[in-house]
Amino acid sequence: MVFVIMGPQGSGKSTQAKLLSQRLGLYLISTGTILRDLYAANTPMGIEAEEYWSEGHLVPNDLMHKILLEQIAEHKNIKGYVLEGFPREEGQYTELEKIFKRPVAAVIDLTVDREVYMQRIESRKVIEKRKDETEEAIERRLNAFEQHTLPLLKKFEKDGIPVVMIDGTQPIDNVHQQIWDHIQSYLSN
Ligand code: ADP
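Computed from a predicted structure; not experimentally measured.

In terms of helices and strands, the protein chain carries nine helices and five strands. Tracing the protein chain from N to C terminus, the helices and strands come up as β-α-β-α-α-α-β-α-β-α-α-α-β-α. Since a compact globule built from 189 residues should have a radius of gyration of about 16 Å, the 16 Å found for the protein chain is in line with a globular shape. The C-alpha extent of the protein chain, read off along each of the three principal axes, is 40 × 40 × 30 Å. Looking at the protein chain residue by residue over its 189 residues, the buried ones come to 47%. Distance between charge centroids for the protein chain: 4 Å, based on 23 positive and 29 negative side chains.

Moving on, we get to the nonpolar core. Of all hydrophobic cores here, the largest spans 30 residues; its most connected members are V4, L83, F100, V107 and F156. When contributions to this core are tallied by element, the ones reaching two or more residues are β1 (2-6), α2 (31-40), α3 (44-53), α4 (61-72), β3 (81-84), α5 (90-100), β4 (104-111) and α8 (151-158). With five residues, the top contributor of residues to this core is α4. Apart from residues no more than four positions distant in its own chain, V107 is found in contact with V4, M6, L153, F156, I161, P162, V163 and V164. Judged by nonpolar contacts, the second largest core, of 18 residues, contains F3, L20, L24 and V175.

For the rest of this paragraph, the subject is the sheet that holds strand β2 (residues 27-30). Strand order in the open sheet formed by five strands is β2-β3-β1-β4-β5, and the pairing between neighbours is parallel. With one partner strand each, in any of the chains shown, β2 and β5 (163-167) form the two edges of the open sheet. The mean inter-strand angle of the sheet, taken between neighbouring strand axes irrespective of direction, is 20°. Sitting on the sheet, α2 is in contact with β2 and β3, with an inclination near 75° to β2.

With their axes 11 Å apart at the nearest point, α2 and α4 run at an angle of 90° to one another. With respect to α4, the element α2 is oriented roughly perpendicular. Contact residues: T31, I34, L35 and L38 in α2; M64, I67, L68 and Q71 in α4.

For helix α7 (residues 135-149), with 15 residues, the first-to-last C-alpha span of 20 Å sits near the 21 Å given by 1.5 Å per residue. Those residues of α7 lying buried are A137, I138, R141, L142, A144, F145 and T149. All buried residues of α7 fall inside an arc of 160° around its axis, so they share one side. Opposite the buried face of α7, at more than 90 degrees from it, the exposed residues are E135, E136 and Q147.

Next up on the list: the pattern of salt bridges. Following the criterion strictly, the structure yields 13 salt bridges and no others. A salt bridge links E139 to R114; its shortest N-O distance comes to 3.9 Å. With E139 in helix α7 and R114 in helix α6 (residues 114-128), this pair connects stretches of sequence that are 25 residues apart. Looking at E139, the relative accessible area reads 36%, which means it is partly exposed.

Bringing the side chain of Q170 into the picture now. Within the secondary structure, Q170 sits in the loop between β5 and α9 (172-183). Reaching out from Q170, the side chain makes a polar contact with the side chain of Q178 at a distance of 3.1 Å. Beyond its immediate stretch of four places on either side in the chain, Q170 contacts V175 and Q178.

Definitions and limits used
Residues numbered from 1 in each chain as written. Predicted model: local features only at pLDDT ≥ 70, side-chain atom pairs only at ≥ 80, totals over all residues. Heavy atoms only, no water. Helix = DSSP H or I, 4+ residues; strand = E, 2+ residues; numbered from the N terminus. Rg over C-alpha atoms; globule rule 2.2 N^0.38 Å. Buried < 20%, exposed > 50% of the residue type's maximum accessible area, 1.4 Å probe, protein only. Lys, Arg positive; Asp, Glu negative; His and termini not counted. Charge placed at Lys NZ, Arg CZ, Asp CG, Glu CD. Core = buried A, V, L, I, M, F, W, Y, C linked by side-chain atoms within 4.5 Å. Contact = heavy atoms within 4.5 Å. Pairing = 2+ DSSP bridges. Axes fitted to C-alpha atoms, helices over the stretch in contact; angles between N-to-C directions. Parallel < 35°, antiparallel > 145°, perpendicular 65-115°, else oblique. Expected span 1.5 Å × (residues − 1). Arc of directions from axis to C-beta. Salt bridge = Lys/Arg side-chain N within 4 Å of Asp/Glu carboxyl O. Polar contact = N/O pair within 3.5 Å; in protein donor to acceptor, adjacent residues only side chain to side chain.

Structure below.
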């Protein structure tokens, strides 16, 4: 069983992915966090990937897939995954089931107006000091999201995978509760 959490930067998707994975006992795959951790740990793949993400570019699929396969190599007997930050473009969409070897039960689409997520990004810039929070990198990431990631929602739907839209501007607990209520019928997959 795989759940995918989608949404723009600042939509709260990493918070929601964490809450959902804990509640369901599923393994959390948060690609942005994985990339930053691998870089901080000085691993060769982490260093290679940083050249892309620090500028707001997507990490190339080959490298991203290798990183994910390594992350999940030791996962035996787990119920499934909550994915956050993956898939981000078409090639990743195609590879998803090959990498995670489980069907996608549902996709949660956190919707937030541009004005709101721009505000959230501005305020977290001060707190997190991420390398990719320069004006340029933020703009590139938003463009990548709109051009490459958003169209995947239609693909999921076309392939018969339910996409649940949740208003991401609500308080964290409300968003979580709504996700929880909506996914009950997809839990058996
Ligand atoms: P955000 O969703 O706020 O852009 P993330 O922490 O999810 O932030 O990702 C940070 C950066 O890591 C992305 O801008 C991108 O460069 C890289 N990244 C994350 N996931 C992927 C992915 N699936 N494929 C390619 N690059 C990725």
